[in-house]
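Single-letter residue listing:
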Amino acid sequence: MDGGFERGLGAGGIVRIGSGAGFAGDRRDAAVPVVEMLAGLDGPRFLIFETLAERTLALCQLARRRDPDAGYSPALEAFLAPVLARCLESGIRIVGNFGAANPQAGARRIAAMARALGRAPKIAVVEGADLAGRLDPAGFAAREVGGRLLAGHPVPVSADAYLGARPIADALDAGADIVVTGRVADPALALGPLMHAFGWRDEDWDLIAAGTLAGHLLECGSQVSGGYFADPGIKDVPGLDEVGFPVAEIAADGTFVIGKPPGTGGRIDRFTVTEQILYEIHDPAAYLTPDVVLDVTGVQVAEVGVDRVRVSGARGRPRPQTLKATVCVEAGLLAEAEISYAGPGAAARARLAADVVLARLTKRAPDLAVRVDAIGIASLFNDTAGATLAAAFPESRAADVRLRFSAQSADTAALGLLLDEVEALYCAGPAGGAGVRRHLTPRLASASCLVERDLVSPAMSLLGPEVAP
Amino acid sequence: MNPQAIRDPAPAPARAEVGVPLRLVAHARAGDKGNRLNLALVCRTPEAFPLIAAQVTAERVAALFAARKPSRVVRYDLPNLFAFNFVLDDVLDGGVNASLGLDGHGKSLSFLLLALEVRVPADLAQALAPPAAATAAPATPRP
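1. A few points about the overall build of chain A
Here is step 1: From N to C terminus, chain A includes 13 helices and 19 strands.
Here is step 2: Its C-alpha radius of gyration of 25 Å places chain A within 12% of the 23 Å reference for a compact globule of 469 residues.
Here is step 3: Seen along its three principal axes, the alpha-carbon backbone of chain A occupies a region of about 75 × 55 × 45 Å.
Here is step 4: Counting over 469 residues, chain A shows a buried share of 54%.
Here is step 5: Across chain A, contacts joining residues at least 24 apart in sequence account for 75% of those joining residues at least 6 apart.

2. A few points about the overall build of chain B
Here is step 1: Counting secondary structure elements, chain B contains four helices and six strands.
Here is step 2: Ordered by position from the N terminus, the helices and strands of chain B form the series β-β-β-α-α-β-β-α-β-α.
Here is step 3: Within chain B, the fraction of its 143 residues that count as buried is 49%.
Here is step 4: The long-range fraction of contacts in chain B, counting pairs at least 24 apart against all pairs at least 6 apart in sequence, stands at 63%.

3. Some thoughts on the sheet that holds strand E3 (residues 36–43) of chain B
Here is step 1: Ordered by their spatial adjacency, four strands build an open sheet running E2-E3-E5-E4 (chain B), and the pairing between neighbours is antiparallel. Looking at which strands have only one partner, the edges of the open sheet turn out to be strand E2 (26–33) and strand E4 (72–78) of chain B. On average, adjacent strands in this sheet sit at an angle of 15° to one another, irrespective of strand direction.
Here is step 2: Two strands pair when backbone bridges link them, and E2(B) and E3(B) are joined in this way by eight bridges, in the antiparallel orientation. Among the inter-strand pairings, B:Ala26 is bridged to a residue of E3(B), identified as B:Cys43.
Here is step 3: Against the sheet, helix H10 (residues 270–277) of chain A engages E2, E3 and strand E5 (83–89) of chain B, with an angle of about 160° to E3(B).
Here is step 4: Where helix H1 (residues 48–55) of chain B meets the sheet, it contacts E2, E3, E4 and E5 of chain B, and its direction lies at approximately 145° from that of E3(B).

4. Considerations on the interface of chain B and chain A
Accessible area lost during the coming together of the parts is what is often quoted as the interface size.
Here is step 1: At the junction of the two partners, chain B supplies 34 residues and chain A supplies 42 residues.
Here is step 2: Counting only elements with at least two residues in the side of chain B that touches chain A, the list comes to E2, E3, E4 and E5 of chain B.
Here is step 3: Partitioned by chemical class, the residues of the side of chain B that touches chain A number 16 nonpolar, 11 polar and seven charged.

5. Topic: H10(A)
Here is step 1: Within H10(A), seven of the eight residues are buried, leaving the element largely enclosed by the surrounding structure.
Here is step 2: Turning to H10(A), its buried residues are A:Phe271, A:Thr272, A:Val273, A:Thr274, A:Glu275, A:Gln276 and A:Ile277.

6. With respect to helix H13 (residues 412–428) of chain A
Here is step 1: Over its 17 residues, H13(A) extends 23 Å from the first C-alpha to the last, a length consistent with the 24 Å expected when each residue adds 1.5 Å.
Here is step 2: Every buried residue belonging to H13(A) is among A:Leu415, A:Leu418, A:Glu421, A:Val422 and A:Leu425, and all of these are buried.

7. Digging into the sheet that holds strand E14 (residues 315–317) of chain A
Residues and elements named next belong to chain A.
Here is step 1: Within the open sheet, the three strands sit side by side as E10-E11-E14. Their pairing is antiparallel. Only two strands of the sheet have a single neighbouring strand rather than two, namely strand E10 (287–288) and E14.
Here is step 2: Pairing geometry for strand E11 (residues 293–295) and E14, over three bridges, is antiparallel. Looking at the pairing, Leu294 lines up with Gly316 of E14.
Here is step 3: On the sheet, helix H9 (residues 205–218) packs against E11 and E14 and is oriented at approximately 115° with respect to E14.

8. A word on the pairing of strand E1 (residues 15–21) of chain A
Residue and element names in this part refer to chain A.
Here is step 1: Most of E1 sits inside the fold, with seven of its seven residues counted as buried.
Here is step 2: The pairing of E1 with strand E8 (residues 247–250) spans four bridges and is antiparallel. Bridging from a neighbouring strand, Ile17 pairs with Ala248 of E8.

9. Details of the packing of helix H11 (residues 346–364) of chain A against H13(A)
Residues and elements named next belong to chain A.
Here is step 1: In contact at an axis separation of 10 Å, H11 and H13 are set at 145° when each is read in the N-to-C sense. For the crossing formed where H11 meets H13, the hand is right-handed. Here Ala353, Val357, Arg360, Leu361 and Arg364 of H11 come into contact with H13, specifically with Leu417, Leu418, Glu421, Val422 and Leu425.
Here is step 2: Residues of the contact of H11 with H13, tallied by class, amount to seven nonpolar, no polar and three charged.

10. Examining the pairing of E5(B)
Residue and element names in this part refer to chain B.
Here is step 1: In terms of burial, E5 is largely enclosed, as six of its seven residues are buried.
Here is step 2: Looking at chain direction, E4 and E5 are connected through seven bridges and run antiparallel. Residue Val73 lies in a different strand from E5, and its bridge partner there is Leu88.

11. Observations regarding the nonpolar core
In a soluble, globular protein the nonpolar side chains are often hidden away together inside.
Here is step 1: Judged by nonpolar contacts, the single largest core of 197 residues is most densely connected at B:Val25, B:Leu41 and B:Leu113.
Here is step 2: The dominant element in this core, judged by the number of residues it contributes, is strand E15 (residues 322–342) of chain A, at 10 residues.
Here is step 3: Filtering out sequence-adjacent residues up to four positions away, B:Leu113 remains in contact with B:Leu22, B:Ala28, B:Leu39, B:Leu41, B:Val61 and B:Leu64.

12. Quick word on the environment of B:Leu124
All names here are of chain B.
Here is step 1: Mapping Leu124 onto the fold places it in helix H4 (residues 122–128).
Here is step 2: Taking the C-beta count within 10 Å as the criterion, Leu124 has 21 such neighbours and is therefore assigned buried.
Here is step 3: Put simply, Leu124 and Glu47 are 77 residues apart on the chain and 8.4 Å apart in space, counted from C-alpha to C-alpha.

13. With respect to the confidence of the model for chain A
Here is step 1: When the pLDDT values of chain A are averaged, the result is 95; 96% of them are 70 or greater.
Here is step 2: Here residues 1–10 of chain A is a poorly scored stretch, pLDDT under 50, and it has 16 contacts once near neighbours within four places are set aside; other chains count.

14. Remarks on the packing of helix H8 (residues 188–198) of chain A against H9(A)
All names here are of chain A.
Here is step 1: Contact geometry for H8 and H9: axes closest at 7 Å, N-to-C directions at 135°. Put simply, H8 runs oblique to H9. Classified by chirality, the crossing of H9 by H8 is right-handed. For the pair H8 and H9, contact is made by Ala188, Leu189, Ala190, Leu191, Leu194 and Met195 and by Ile208, Gly211, Thr212, Ala214, Gly215 and Leu218, respectively.
Here is step 2: The residue inventory of the contact of H8 with H9, partitioned by class, reads nine nonpolar, three polar and no charged.

15. Describing the environment of A:Cys87
Residue and element names in this part refer to chain A.
Here is step 1: Looking at where Cys87 falls in the secondary structure, it is placed in helix H4 (residues 84–90).
Here is step 2: Taking the number of C-beta atoms within 10 Å as the measure of exposure, Cys87 has 23 and is therefore buried.
Here is step 3: In contact with Cys87, other than residues within four places in its own chain, are Val35, Leu47, Ile92 and Ile94.

16. Brief notes about the confidence of the model for chain B
Detailed reading of the predicted model is not advised wherever pLDDT is low.
All names here are of chain B.
Here is step 1: Confidence in the prediction for chain B averages 88 pLDDT; 82% of positions are at 70 or higher.
Here is step 2: Every residue in residues 1–5 is under pLDDT 50, and counting partners more than four places away or in other chains gives eight contacts.
Here is step 3: When the criterion is pLDDT under 50, residues 138–143 qualifies, and its contacts beyond four places in sequence or with other chains add up to 17 contacts.
Here is step 4: If you check the scores for this complex, the pTM reads 0.92 and the ipTM reads 0.94.

Conventions used here
Residues numbered from 1 in each chain as written. Chains lettered and ligands numbered in written order. Predicted model: local features only at pLDDT ≥ 70, side-chain atom pairs only at ≥ 80, totals over all residues. Helix = DSSP H or I, 4+ residues; strand = E, 2+ residues; numbered from the N terminus. Rg over C-alpha atoms; globule rule 2.2 N^0.38 Å. Buried ≥ 20, exposed ≤ 12 C-beta atoms within 10 Å, placed from the backbone. Contact = placed C-beta atoms within 7 Å. Pairing = 2+ DSSP bridges. Axes fitted to C-alpha atoms, helices over the stretch in contact; angles between N-to-C directions. Nonpolar A, V, L, I, M, F, W, Y, C, P; charged D, E, K, R; others polar. Expected span 1.5 Å × (residues − 1). Left-handed = near helix turned anticlockwise from the far one by under 90°. Core = buried A, V, L, I, M, F, W, Y, C linked by C-beta atoms within 7 Å. pLDDT = per-residue confidence, 0-100. Parallel < 35°, antiparallel > 145°, perpendicular 65-115°, else oblique.

See the structure below:
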């Protein structure tokens, strides 16, 4: 029991929301200390999981086509297994978008996990994001923004709108212990519980904005509490190996304090919180979500204790007329091949190897656009045209260089040739080449569309009794 | 690029100044949406805000990212948070699901921004310098 956690906003009327995961690859045991902390406290408590990157949903859609019982997040069981029993016995309600392309199947899987624990929680499913069948390829193309990926009218692998928080709040109003969603706006995972717990109305714009900001700060897990922050000597973070995931305590007026479980690593101060407030935000006066237009320009952050920051001042304007949707289409294959050079003259030998491969491909696969990076000289900061690397090569004295070739195409023969040419450097290339690795990966490209709200039908339903024990 | 380079002295400053990497006075986080990159830049001390506002302009950031051919660069100022938000359009080779590069998200590009040189008062640079010499070049005071 952490008495200190009660300071700040006071004990009354506080809702607590902890983060269990900020992405599908997050630490599987991160939620354990969060749940232990919440279990020792009273009042409404929620645990949220964000597990859907842009293309995760397309991969799940492909899995569902192969198996009607698949298509929920492959991370669902790994995230829930360590905490499900404790949450159910302690009254901590769970909200996660791990339903992905098949929330019904995800909910059935959770019901089975609970049954094995001798429990029968009320599980709700939020659906209606899937736009398949609602628009034809030309309809998606006409609604694309920020690119022309859909101009040739490809048939989408997946097309999902970002739903808002209302169906999540409805599910909790209906008594759900666990809410399984597909695509929803990430902050809605926290906003839904707040609308439910405080009775906020959809048009309480400043409150909806405050809840959205709380969700925005929670949905990336430890990115607000010391994760993705450490820069030794400049920004040190204690205990990064056991970084604590955030817990927000939110008051009825929308102000909230971000904290973390006692005994965990990480840090929460105005620096970590400010970095995350602006994460993936464009115009700070107009962050568009399905629920509200959030304005963070008046937000105040105040350190109110050790690893405790109070956030206030979010403002909201009426929600946008349209919803954002992510449309994924097949995009051929990505070929990647690497080889290393080390010791004296490594950069010059790597440069020669790049010239050799490009010269051979120019003659044998002239239409293939190949990107070359030299890890150790210019790779992350390189550009696809290679101007950055070309300028850095001549003066480089790097003594350990990994050369990387990449190309994307539907022409598998040309991609195979690239991989073969890199491997052939072993004998026919410059001296001392070593460590060839080659990969060929199917590629899904994604486009953003703005769609009318009446194209989606957000709906909540409780999992049917046929799966109850 | 040599981020630790010391600029030539400018005429008659009121306070001794030094050139330092932006990393000494601010920190940054990159975010992506499609082909658009945002770089949140947060001051390590309020005193850095006007210095950065004057020196780290949208034009200068556009020049820093010129090899990626940004179609538009906008800087938003957040004085109450002692922070800035830079939004760079069309710099991610189509975004994470289209780029051929290792970093399709552009996550590492926060540190490209932090390598930019800024001129700051020598005493501020000294106050913010890391304790160990290993992590950043010590600021050299102007003569």
